[in-house]
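Breakdown of the fold
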Amino acid sequence: MAKQPDDGAGESPVAVVTGANRGIGYEVVRQLAQRGHRVVLGSRDLARGEAAAARLDPGGTRVTAVQLDVADDASVAAMADRVTRELGRADVLVNNAAILYDTWARAGTADLDEVKRALETNLFGAWRTTQALLPLLRRSPHPRVVNVSSEAGALHWMSGGTPAYSVSKAALNALTRLLSGELGGRHRVLVNAVCPGWTATDMGGGGRPVPEGAAGVVWAATLPDDGPTGGFFRDGKPVAW
């Protein structure tokens, strides 16, 4: 995968990754930093985020941890303000933060408070974080938004189970299409959803190695300017909606 080019002024592109102190998000940070990005590692728990950033970048020149709870308006606003003040740009947003893989639940008997909690993070968290960073993304020479989704949110395959997670990811896919349609013109923002596949994370509980799942996310984050937008992908290949 090619390194993302700078903007012609010798400055590294800046990527913000939510839910990034472990799992897919952590690996996306690692891979983007390797490709020359300055990465903002978002974590609900700042201490865990700082520990993760120190492991990835002991010198502290490429990875910076910030406290970021995407379900909290004030936390998201504070992150966007800090990125604006300290870095002055955001070129990539990876909306990775997600909760509640509710394998025990069924739609007919689901706890709707749980469903609302999943939506607050998995849908509205990505939505509010995108809105907060849009002023910077619109100024970027190569703006990218990647919504880390799941095939569990694909209507094509949906038949039952994990209702909170599935509905929240289906809604995230819909948001991907809306943002792509609105931002793909003069703003040139490429917005895509990516399913990393069943991956050996704490949430997934098994599956393929994390770096393989994260690679598809990084692919979408580093697309060329003539790359696709408004799509749903796994490993760089289209997935049925």
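Coordinates for the structure precede this section.
Scoring rules and cut-offs
- Residues numbered from 1 in each chain as written.
- Predicted model: local features only at pLDDT ≥ 70, side-chain atom pairs only at ≥ 80, totals over all residues.
- Heavy atoms only, no water.
- Helix = DSSP H or I, 4+ residues; strand = E, 2+ residues; numbered from the N terminus.
- Rg over C-alpha atoms; globule rule 2.2 N^0.38 Å.
- Buried < 20%, exposed > 50% of the residue type's maximum accessible area, 1.4 Å probe, protein only.
- Contact = heavy atoms within 4.5 Å.
- Lys, Arg positive; Asp, Glu negative; His and termini not counted.
- Charge placed at Lys NZ, Arg CZ, Asp CG, Glu CD.
- Core = buried A, V, L, I, M, F, W, Y, C linked by side-chain atoms within 4.5 Å.
- Pairing = 2+ DSSP bridges.
- Axes fitted to C-alpha atoms, helices over the stretch in contact; angles between N-to-C directions.
- Polar contact = N/O pair within 3.5 Å; in protein donor to acceptor, adjacent residues only side chain to side chain.
- Parallel < 35°, antiparallel > 145°, perpendicular 65-115°, else oblique.
- Nonpolar A, V, L, I, M, F, W, Y, C, P; charged D, E, K, R; others polar.

What follows is about the overall build of the chain. Summing up its helical and strand segments, the chain has 7 helices and 8 strands in all. Over its C-alpha trace the chain gives a radius of gyration of 17 Å, about what one expects of a compact globule, namely 18 Å for 241 residues. Relative to its full complement of 241 residues, the chain shows a buried share of 52%. Residue pairs in contact within the chain that sit at least 24 positions apart in sequence constitute 70% of those at least 6 positions apart. Of the side chains in the chain, 26 bear a positive and 25 a negative charge, and the two mean positions are spaced by 3 Å.

Looking now at the nonpolar core. Ranked by size, the top nonpolar core spans 33 residues in total, and within it V16, M79, V83 and L133 carry the most contacts. Broken down by secondary-structure element, the contributors of at least two residues to this core are β1 (14-17), α3 (73-86), α4 (112-122), α5 (124-139) and α6 (163-183). Apart from the residues lying within four places of it in its own chain, the contact partners of L133 are V16, M79, A80 and L93. Among the nonpolar cores identified, the runner-up in size contains 26 residues, and A15, A33, V92 and V210 belong to it.

Glancing now at the environment of V194. You can see V194 is positioned in strand β6 (residues 190-194). With a relative accessible area of 1%, V194 lands in the buried category. Considering only alpha carbons, one finds V194 and A220, 26 residues apart in sequence, at a separation of 7.6 Å. V194 has contacts with V146, N147, V148, S149, G216, V217, A220, F232 and F233, leaving out every residue within four places of it along the chain.

Here the focus is the sheet that holds β1. Spatial ordering of the open sheet is given by β3-β2-β1-β4-β5-β6-β7-β8, a layout of 8 strands whose pairing is mixed. Each edge of the sheet is formed by a strand with only one pairing partner; in this case those strands are β3 (63-67) and β8 (237-238). Pairing of β6 with strand β7 (residues 232-234), which is carried by 2 bridges, proceeds in the parallel orientation. Residue pairing in the sheet places A193 in a bridge with F232 of β7. Here α5 sits on the sheet in contact with β1, β4 (92-95) and β5 (144-148), set at roughly 180° to β4.

This paragraph deals with the side chain of S168. With respect to the helices and strands, the residue S168 is situated in helix α6. Within polar-contact distance, the side chain of S168 engages the backbone oxygen of Y165 at 2.8 Å.

Attention shifts here to the packing of α4 against α5. Remark: α4 packs on α5, axes separated minimally by 3 Å, with the N-to-C direction vectors making an angle of 25°. Regarding the angle of α4 to α5, the classification is roughly parallel. Side by side, α4 and α5 meet where L119, E120, T121 and N122 of the first sit next to F124, G125, A126 and R128 of the second. Here the residues of the contact of α4 with α5 are counted per class, giving 3 nonpolar, 3 polar and 2 charged.

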